[in-house]
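So the chains spell out like this:
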Amino acid sequence: QVQLVESGGGLVQPGGSLRLSCAASGSIFSINAMGWYRQAPGNQRGLVAAITSGGSTNYANSVKGRFTISRDNAKNTVYLQMNSLKPEDTAVYYCNVGGRLDSQRPFSSWGQGTQVTVSS
């Protein structure tokens, strides 16, 4: 019912930048929180950054000052600008969007994941 399409991953050298995008579509009544998570091999999926409908943001300590999350409510899209990338940022990045399909039914959807590799 709600589809998320991610884009923007790839291979980048240490110190470089990437911008991830995640667009939500479908029968969406409203969107509340939008966020980015990542999972490296052998690790659990963890929060990278999140943004509320009011624009409040939350970041993992490891990315504070380097990553910036933003959203375009008119496009139902969330972005993650990643600067000063480090090899330890290498992971599959997933977006998550939560909201309501109507006044009664909440939803929480995951994107398909996009690989980010930081290597020289």
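Please refer to the structure placed before this passage.
Residues numbered from 1 in each chain as written. Predicted model: local features only at pLDDT ≥ 70, side-chain atom pairs only at ≥ 80, totals over all residues. Heavy atoms only, no water.

Draft legend 1. The arrangement of unusual backbone geometry in detail. A positive phi angle, near 50°, is found at Asn-76, a position not held by glycine. Relative to the helices and strands, Asn-76 is located in the loop between strand E7 (67-72) and strand E8 (77-82). Taking relative accessible area as the criterion, Asn-76 reaches 25% and is therefore assigned partly exposed. In this structure, Ser-84 is a non-glycine residue whose phi angle is positive, near 50°. (Helix = DSSP H or I, 4+ residues; strand = E, 2+ residues; numbered from the N terminus. Buried < 20%, exposed > 50% of the residue type's maximum accessible area, 1.4 Å probe, protein only.)

Draft legend 2. The arrangement of the packing of aromatic side chains in detail. With the rule as written, the count across this model stands at 1 aromatic pair. For the ring pair Tyr-37 and Trp-110, a centre distance of 4.9 Å and an interplane angle of 65° mean the geometry is edge-to-face. Remark: Trp-110 occurs in strand E10 (residues 106-110) and Tyr-37 occurs in strand E4 (residues 30-39); sequence separation between them is 73 residues. One Lys or Arg, Arg-45, reaches over the ring of Tyr-94 and ends 3.6 Å from the middle of that ring. (Phe/Tyr/Trp six-rings, centres within 6.5 Å; stacked < 30°, edge-to-face > 60°. Lys NZ or Arg CZ within 6 Å of the ring centre and 35° of its normal.)

Draft legend 3. Structural view of the environment of Val-118. Within the secondary structure layout, Val-118 lies in strand E11 (residues 114-118). In this structure Val-118 comes out as buried when scored by relative accessible area, which is 4%. Spatially, the C-alpha atom of Val-118 lies 28 Å from that of Thr-52, the residues being 66 residues apart in sequence. With residues up to four places along the chain from it excluded, the contact list for Val-118 reads Val-12, Gln-13, Pro-14, Leu-85, Lys-86, Pro-87, Asp-89 and Thr-90. (Contact = heavy atoms within 4.5 Å.)

Draft legend 4. Here's a closer look at the sheet that holds E8. Taking strand neighbours across the sheet as the criterion, the 4 strands line up as E1-E3-E8-E7 in an open arrangement whose pairing is antiparallel. Strand pairing shows two members of the sheet lacking a second neighbour, strand E1 (2-7) and E7, which therefore form its edges. When the angles between neighbouring strand axes are averaged without regard to direction, this sheet yields 15°. Relative to strand E3 (residues 18-26), E1 is paired through 6 bridges, and the arrangement is antiparallel. Directly across from Val-2, in E3, lies its bridge partner Gly-26. (Pairing = 2+ DSSP bridges. Axes fitted to C-alpha atoms, helices over the stretch in contact; angles between N-to-C directions.)

From the geometry alone we can't say anything about function, so treat these as descriptive.
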